[in-house]
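# Examining the three-dimensional arrangement
In case you want the letters, here they are:
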Amino acid sequence: RRTSDIFNLLSYPSSINNNGGVGMNWDATSAIAELLGSLAVIVTLIYLAVQLRQQNSATKAQIEQQRADSVTQLASVLSITENRTLYTKVALDKSLTPANLSEEENLHLRLILSPIRANLENAYLQFQSGYISEEFYEDVSKQLYSTHGHLLLRFNMPLTTGFRAELVRIIDES
């Protein structure tokens, strides 16, 4: 019975049908096909939105893991006695500049400061891009900037313009 109701809906009235029988109503068929196509598009968009949200969550989790890994790597660099001694020497004596160090010490210090610079600048760029929460940036990153940033500036480490300005601002505030 239901099948015949659907065919009746889709059929021409018998007075219009030249054969005297029942024919297809192409306007109704077209409208139903268009409706089904629209529903398929809506379902696809909802599916893509869910997938995008899941991908964003996975990306943020991966970034957090990479941040933790890079901090561990920095800790291992500074755990080497020779590295820690040189870093502590220049961190505590604010009068030391590249001119006061030997060529070997300058090179050694740059090797120590390079991963610190990369880590801190990466945190700044991730915050600017929305991958790091404002809470994390305010609580952790800014504290690290004020701790290590003066060395990056004093020893002329290569920094992007925006990050350099952020370091100067944070150091001036502390």
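Rules of the game
Residues numbered from 1 in each chain as written. Predicted model: local features only at pLDDT ≥ 70, side-chain atom pairs only at ≥ 80, totals over all residues. Heavy atoms only, no water. 1 Å grid on protein atoms, 1.4 Å probe; cavity = no way out; pocket = protein on both sides within 12 Å on 5 of 7 lines; lining within 4 Å. Points joined across faces, edges and corners; volume = space filled by probe spheres on them. Helix = DSSP H or I, 4+ residues; strand = E, 2+ residues; numbered from the N terminus. Nonpolar A, V, L, I, M, F, W, Y, C, P; charged D, E, K, R; others polar. Axes fitted to C-alpha atoms, helices over the stretch in contact; angles between N-to-C directions. Parallel < 35°, antiparallel > 145°, perpendicular 65-115°, else oblique. Contact = heavy atoms within 4.5 Å.

For the rest of this paragraph, the subject is the layout of surface pockets. Roughly 160 Å³ of volume is contained in the largest pocket. Ile63, Glu64, Arg67, Ala68, Val71, Tyr131, Ile132, Ser133, Phe136, Val140 and Leu144 together form the lining of the largest pocket. For the lining of the largest pocket, the elements supplying multiple residues, two or more each, are α2 (26-79) and α5 (134-154). Broken down by element, the residue count for the lining of the largest pocket peaks at 5 residues, all from α2. Among the residues forming the lining of the largest pocket, the class breakdown is 8 nonpolar, 1 polar and 2 charged.

A few words on the packing of helix α4 (residues 103-128) against helix α6 (residues 161-173). Where α4 meets α6, the closest approach of the two axes is 10 Å, and the angle between their N-to-C directions is 100°. Relative to α6, α4 is oriented roughly perpendicular. Contact residues: α4 offers Leu120, Glu121 and Tyr124, while α6 offers Gly162, Phe163 and Glu166. Its residues assigned to classes, the contact of α4 with α6 shows 3 nonpolar, 1 polar and 2 charged.

In short, geometric facts, not functional conclusions.
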